[in-house]
Amino acid sequence: MLWIKAFHIIFMVTWFSGLFYLPRLYVYHAMAKDTLSKERFIIMERKLFYGITTPGGILTIVFGLWLIYFNPHAYLHMVWLQMKLGLVVILLFYHLYLGVLLHAFKHDHNRHSHIYYRWINEIPTLLLILMVVLAVVKPV
């Protein structure tokens, strides 16, 4: 079980690294004026989203569910875990929204300024803090 927990944490770090960096790329992409830069950002964003962030998210969830599988009756009655799983659902929607933004940039349909992307870049930080506190402190 410790190996499964270790891989859950490893892939969570991978997932979050992409969720931290992708909106930062969107900031620079929204500020880019020349075609060459925009094309470069499209490639970087696609590779980060599909090559690192999405596999990290999928494997985080797979290993997390595998951990719950060992004792679902006990785990699913823990309030801290229910709250953490709720935050994971929010994180999934955030991830999917980054994918929507990725496609908007790809088709040159971006409607937001670089300031917007700076703000949404803070969402995974808040979620990570809450999730770690719930998992480690188990306050409820």
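Check the entry above for the structure.
Now for a quick tour of the structure.

Rules behind the numbers
Residues numbered from 1 in each chain as written. Predicted model: local features only at pLDDT ≥ 70, side-chain atom pairs only at ≥ 80, totals over all residues. Heavy atoms only, no water. Helix = DSSP H or I, 4+ residues; strand = E, 2+ residues; numbered from the N terminus. Buried < 20%, exposed > 50% of the residue type's maximum accessible area, 1.4 Å probe, protein only. Expected span 1.5 Å × (residues − 1). Arc of directions from axis to C-beta. Contact = heavy atoms within 4.5 Å. Axes fitted to C-alpha atoms, helices over the stretch in contact; angles between N-to-C directions. Parallel < 35°, antiparallel > 145°, perpendicular 65-115°, else oblique. Nonpolar A, V, L, I, M, F, W, Y, C, P; charged D, E, K, R; others polar. Left-handed = near helix turned anticlockwise from the far one by under 90°.

## Concerning unusual backbone geometry
- One non-glycine residue with positive phi stands out, namely Asp108, at about 55 degrees.
- Positionally, Asp108 belongs in the loop between helix H4 (79-106) and helix H5 (114-120).
- Asp108 gets classed as exposed once you look at its relative accessible area, which sits at 63%.
- Phi is positive for Lys138, which is not a glycine, with a value near 50 degrees.
- Within the secondary structure, Lys138 is located in the segment after helix H6 (123-137).
- Taking relative accessible area as the criterion, Lys138 reaches 41% and is therefore assigned partly exposed.

## As for H6
- Its 15 residues give H6 an end-to-end C-alpha distance of 21 Å, which sits within 8% of 21 Å, the value for a rise of 1.5 Å per residue.
- Of the positions making up H6, those classed as buried are Pro124, Leu127, Met131 and Leu134. In a view along the axis of H6, the buried residues occupy a sector of 100 degrees, so they form one face of it. Seen from the open side of H6, the exposed residues pointing more than 90 degrees away from its buried face are Leu126, Val136 and Val137.
- Against the buried residues of H6 lie helix H1 (2-31), H4 and H5.
- At the C-terminal side of H6, Lys138 shows a positive phi close to 50 degrees.

## Re the packing of H1 against H6
- At their nearest, the axes of H1 and H6 sit 10 Å apart, and the two run at 155 degrees to each other. If you check the angle between H1 and H6, you find them roughly antiparallel. Contact residues: Met12, Phe16, Leu19 and Phe20 in H1; Pro124, Thr125, Leu128 and Met131 in H6.
- Of the residues belonging to the contact of H1 with H6, the class tally is 7 nonpolar, 1 polar and no charged.

## Digging into the packing of H4 against H6
- Closest axis-to-axis distance for the H4/H6 pair is 9 Å, and the angle between their directions is 160 degrees. When the axis of H4 is compared with that of H6, the two are roughly antiparallel. Crossing of H4 against H6: the hand is left-handed. On H6, the residues touching Trp80, Met83, Lys84, Leu87, Val88, Ile90, Leu91 and Tyr94 of H4 are Ile123, Pro124, Leu127, Leu130, Met131, Leu134 and Ala135.

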